[in-house]
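# Commentary on secondary and tertiary structure
As a plain string of letters, each chain reads:
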Amino acid sequence: MASIVYYSLTGQTRRFINKVQGFDTYEISSAVAPVTMTEPFIMVIPSYESHVYGDVIETAEEFLEWADNASLCKGFFGGGNRNFAQLFCVTVKELSAEFDIPVLHGFEFQGSAYDVAKLTEELEKIDRYQEIKN
């Protein structure tokens with residue numbers, strides 16, 4: 001079953017993730033060693049100002065480089081603030097380029113009902129594909 005891996009410094013991303021029902025979730029942080037994923041997942045990463053940015057991207061990179069995690073990541077959802085223009089979802093854009101994993105969607109703050117539905121839809125697509133594959 002597909003799952004969600006996410007980073008939440010201020011709690012906004014966690015509040016977004018808590019709206020999604022029926023999928024396992026794993027919160028990553030620089031204080032916790034990465035887990036080895038065994039099933040496909042979508043990674044949800046917010047964007048922060050530059051003084052916090054390093055910890056966010058380094059933690060995400062470390063997680064993806066751990067074991068076979070990058071190969072199981074099927075896409076990114078990026079959180080941010082559209083007022084930041086080209087910096088909206090900058091973290092997942094950079095991770096996407098670095099790991100050749102697609103950005104599936106961007107959302108603001110805690111996400112809307114549409115954003116929750118979009119994440120659920122993408123997770124269900126992964127599950128359907130896994131069922132056909134197996």
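Residues numbered from 1 in each chain as written. Predicted model: local features only at pLDDT ≥ 70, side-chain atom pairs only at ≥ 80, totals over all residues. Heavy atoms only, no water.

What follows concerns the confidence of the model for the chain. Summing up the model confidence of the chain, the mean pLDDT is 92 and the portion of residues at 70 or higher is 96%. Model confidence for the chain, summarised as mean pLDDT per element, is weakest for helix α2 (residues 50-65) at 83 and strongest for helix α3 (residues 69-72) at 98. (pLDDT = per-residue confidence, 0-100. Helix = DSSP H or I, 4+ residues; strand = E, 2+ residues; numbered from the N terminus.)

Whether parallel or antiparallel, the strands of a sheet pair through hydrogen bonds between backbone atoms. Overall, parallel pairing links the five strands, which are arranged β2-β1-β3-β4-β5 in an open sheet. Pairing within the sheet leaves two strands with one partner each, and these edge strands are β2 (24-28) and β5 (103-108). Ignoring strand direction, the axes of neighbouring strands in this sheet form an average angle of 20°. For strand β1 (residues 3-7) and β2, the ladder comprises five bridges, and the chain directions are parallel. Counterpart to Tyr6 in the pairing with β2 is Glu27. In the packing of helix α4 (residues 90-99) onto the sheet, contacts are made with β3 (41-46), β4 (73-80) and β5, and the angle to β4 comes to roughly 155°. Helix α5 (residues 113-133) contacts β1, β3, β4 and β5 of the sheet and is inclined by roughly 160° relative to β5. (Pairing = 2+ DSSP bridges. Axes fitted to C-alpha atoms, helices over the stretch in contact; angles between N-to-C directions. Contact = heavy atoms within 4.5 Å.)

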